[in-house]
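Observations on the three-dimensional arrangement
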Amino acid sequence: MMFGKVRPSRMAQVALCMLGGLTIACADQAATRAVFGPYDGRFWAKSLVLAGLLLIVFMAGERLIALSPVRTAKSDSVASGNGCRPAVIRAMQCISHASAASWLRELFERFDRLGLIPRLLIYGAVIGICWMPVIIMMAPGTIWFDTGDQIAQFFGISAYGQPAGAISSHHPVLDTLVFGGAAWLGDTLTGNYQNGLIAYLAVQVAATILGLAAACLYVRHIGCGRAYGLMMLVFFSVFPAFPIFTMSIVKDSLHMVFLIPWLIMMAETVRTGLEALASRRFLAGLFVLSLGCALTTMTGLYITVLSLLALPVVAATRRRRLTALAAALGVTLLAVVIFPAAVAGPLKVAKEDSNQILVVPMQMTARYALDHPHDITPDERKAVDTVNHVPFDHMASRYNPYLADPIIQYSLRDANGVPDYATAWAQMGLRHPDSYLIAFASLESGWFSFLRTPQNSTAPAVSLASLDRVADQAIGNQMDLQIFNTYSKPFRQMPAYAENRAGQSAAHAWWNAWRSLPIIRILTFTSVWTFVLPLFLVYCRLGRAAASAASGMRDGRAVRRHSWFPFAVPLVWSLLSLLPNAISIPLKPTATRYMLWSLIMVPLLIGLLRADAVRPERLWRQKGV
């Protein structure tokens, strides 16, 4: 049905852009002043301008996605309806065959005829060669603060308040085993623990490169066209964030080793209607990668299991649905029960309270203490003070709108008081929901904003007045990367870590140069990957669904509705996992690590979207489709 000359789908797309512009404008306000409003003419004008820009860019992007990757002389002549056009085309072909473009096309065709392994190695070599200057700068690798604690604990040094010889569960135990085990092997075999970390890093770099190369080949395999696959290859090869992050020894870079091939296998599982699970090798590979994703980050477990549970939606048979369900249950059982039980005794794993789930609520309480310090009952105050190390009366003086660490960090005072705190938190929120909303918006604004406060303070007591004074000097909310080593106190008790400060400085300068490049610098803005491009995917799906429905109506047949829900599930859960974080604006380099997965997941999903737009017969392989 049409409303005048405007399709309902187009109206929905315009509304989506309007919502996007309003969200960015609100997020910019929260990221610069930590307040809502003022909702004056300037605010609404900014929202409309942003909405218009989103609409223009999204319309152009949608057209590019739907652009056919193959144009032949025959199709051109038929489309033209001009009898003389074939002769013109033949003449142009003669010229092109004598050109460098023809030679390059022949080279690509020869490449396509190679086997999978040679193509994978060639793409991997291209990425590796492009990464090499940054790898040399970053060698022997960046040690992160938390990683140092994990390695020190493996060597029997006390960290996180745990006794010597115990390993804290504050970070995934598997990560501690990998980092500490690599360091121990280096120390045992060569007398220097750093040699083991260098060897580990070499494996991590090689595995990540091959994973990215496989992603580029996969989008070509499913029919999105050679050009887009090459675009992905260029992006993965030259964007400095990839080698810089991969040369870091941290749980998130280890997680990426499992995540990239897992995403590819999940896409293939959905594409084939779960028929890929009929292969035992494929099923075993997916299971192992799922387990690796679940055990290497705290949020990885939820993202992986919930994504696996969504697979039965596209299964063609009951057997395949049961296979997917069994895989999800198996990963859950191993990650939640068997692995923790197996390592708890031998490694003396000290289980810590789940303070992470209270990061956002406690930050809301701190904002309440700032806005309404006297509107609290004695029982509510007692509930807050029982659970948290920072009492209610001190929260206002320690409140940083963009960082929850000054309020709550590693542990709770008494985890048994959480139910009473939850009751008090709800009662206070009902009285003053505005404080809770702005506390949440400020803490998570970095995932949506293009601007941020110029203050980089991670200390307590960042006042709203100081933010307002410098709000007009707002800077771009660009990604920041951990490039220099940071050593924890326990790690400093180990032999000194040999570092390459000059090389790290050069890598830092290279990254800053990229962040300053005209046009290209847009790729370094956090919200491009965590909000704008995911919004673009929704925009394209609205238009694609309407086009499929219209095509089915014109052809007089039932419309086959391809479910993109399972494709998008990992992205949806990954985006939602950003919201409980204690930081979103990169006041410190570690904040960016939470979203770097999107630099891989989003291009892969765009490739799947393009394949569905130009060659749906190749993308969808379910029975009956």
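Not measured: the values here are computed from a predicted model. (Residues numbered from 1 in each chain as written. Predicted model: local features only at pLDDT ≥ 70, side-chain atom pairs only at ≥ 80, totals over all residues. Heavy atoms only, no water.)

Within the protein, the regular secondary structure consists of 26 helices and six strands. Here the protein holds 625 residues, and 50% of them are scored as buried. When contacts within the protein are restricted to residue pairs at least 6 apart in sequence, long-range pairs at least 24 apart make up 80% of them. Surface exposure of the protein reaches about 28,500 Å², of which carbon and sulfur atoms provide 66%. (Helix = DSSP H or I, 4+ residues; strand = E, 2+ residues; numbered from the N terminus. Buried < 20%, exposed > 50% of the residue type's maximum accessible area, 1.4 Å probe, protein only. Contact = heavy atoms within 4.5 Å. Areas by Shrake-Rupley, 256 points an atom, 1.4 Å probe, with all protein chains shown as cover.)

What follows is about the packing of aromatic side chains. Scanning the entire structure with this criterion turns up 24 aromatic pairs. Here Phe43 and Trp44 contribute two aromatic rings whose centre-to-centre distance is 5.1 Å and whose plane-to-plane angle is 85°, an arrangement assigned as edge-to-face. Given a relative accessible area of 6%, Phe43 falls into the buried group. Three or more aromatic residues link up through ring pairs in this structure, and these residues are Phe235, Phe236, Phe239, Phe242, Trp510, Trp511, Trp514 and Trp529. (Phe/Tyr/Trp six-rings, centres within 6.5 Å; stacked < 30°, edge-to-face > 60°.)

Our next topic: the nonpolar core. Counting 126 residues, the largest nonpolar core has Leu197, Phe236, Phe239, Phe242, Trp511, Trp529 and Leu599 as its most contacted members. The greatest single-element share of this core, amounting to 13 residues, is contributed by helix 9 (residues 193-221). Discounting chain neighbours no more than four positions away, the residues touching Leu197 are Ile143, Ile151, Phe179, Ala182, Ala183, Ile249 and Tyr497. Of all hydrophobic cores here, the second largest spans 25 residues; its members include Ile376, Val384, Val387 and Met395. (Core = buried A, V, L, I, M, F, W, Y, C linked by side-chain atoms within 4.5 Å.)

Here we take up unusual backbone geometry. Here the residue pair Gly37 and Pro38 is connected by a cis peptide bond, since its omega of 0° sits within 30 degrees of zero. Summarising the element assignment, Pro38 is placed in the loop between helix 1 (8-33) and helix 2 (41-66). With omega at 10°, the peptide bond leading from Ala139 into Pro140 counts as cis. Summarising the element assignment, Pro140 is placed in the loop between helix 6 (116-138) and strand 1 (142-143). Of note, Lys348 is a non-glycine position whose phi angle comes to about 55°, a positive value. Locating Lys348 in the fold gives a position in the loop between helix 15 (318-344) and strand 4 (349-350).

What follows deals with the confidence of the model for the protein. For the protein, the average pLDDT comes to 87, and 88% of its residues sit at 70 or higher. Averaged pLDDT values over the elements of the protein bottom out at 38 in helix 3 (residues 73-80) and peak at 97 in helix 11 (residues 241-246). Note that pLDDT drops below 50 for residues 71-98; the model gives that stretch 12 contacts with residues more than four away or on any other chain. Scored below 50 in pLDDT, residues 553-562 makes 11 contacts in the model with residues more than four places away or belonging to other chains. (pLDDT = per-residue confidence, 0-100.)

A separate point is helix 16 (residues 359-371). With 13 residues, helix 16 should cover 18 Å at 1.5 Å per step; its first-to-last C-alpha distance of 19 Å lies within 8% of that length. Among the 13 residues that make up helix 16, 11 are buried, leaving the element largely enclosed by the rest of the structure. Looking at the buried positions of helix 16, the neighbouring elements they touch are helix 17 (378-387), helix 18 (392-398), helix 19 (418-431), helix 20 (433-444) and helix 21 (464-470). (Expected span 1.5 Å × (residues − 1).)

Contact pair helix 6 / helix 22 (residues 501-516): the axes reach a minimum separation of 7 Å and the direction vectors enclose 135°. In terms of orientation, helix 6 lies oblique with respect to helix 22. Counting all contacts with helix 6, which are made through Val134, Met137 and Met138, the residues of helix 22 involved are Gly503, Gln504, Ala506, Ala507 and Trp510. In the contact of helix 6 with helix 22, the residues fall into six nonpolar, two polar and no charged. (Axes fitted to C-alpha atoms, helices over the stretch in contact; angles between N-to-C directions. Parallel < 35°, antiparallel > 145°, perpendicular 65-115°, else oblique. Nonpolar A, V, L, I, M, F, W, Y, C, P; charged D, E, K, R; others polar.)

Moving on, we come to the pattern of salt bridges. Following the criterion strictly, the structure yields 15 salt bridges and no others. With a closest N to O distance of 3.9 Å, Arg10 and Glu62 form a salt bridge. Separated by 52 residues along the polypeptide, Arg10 in helix 1 and Glu62 in helix 2 bring together distant segments of the chain. Residue classification places Arg10 among the partly exposed residues on the basis of a relative accessible area of 22%. (Salt bridge = Lys/Arg side-chain N within 4 Å of Asp/Glu carboxyl O.)

This next bit is on empty space enclosed by the protein. All told, the structure shown has four cavities of 30 Å³ or more when counted by the stated rule. By volume, the largest cavity amounts to about 100 Å³. The wall of the largest cavity is formed by Leu263, Met266, Ala267, Val270, Pro566, Phe567, Pro570, Met601, Leu604, Leu605 and Leu608. The set of elements that each furnish at least two residues to the lining of the largest cavity consists of helix 12 (251-271), helix 24 (565-577) and helix 25 (598-614). Taken together, the residues that form the lining of the largest cavity break down as 11 nonpolar, no polar and no charged. (1 Å grid on protein atoms, 1.4 Å probe; cavity = no way out; pocket = protein on both sides within 12 Å on 5 of 7 lines; lining within 4 Å. Points joined across faces, edges and corners; volume = space filled by probe spheres on them.)

Among the structural elements, Ser307 can be located in helix 14 (residues 298-309). With relative accessibility at 1%, the residue Ser307 sits in the buried group. Discounting chain neighbours no more than four positions away, the residues touching Ser307 are Trp262, Met266, Val569, Pro570 and Trp573.

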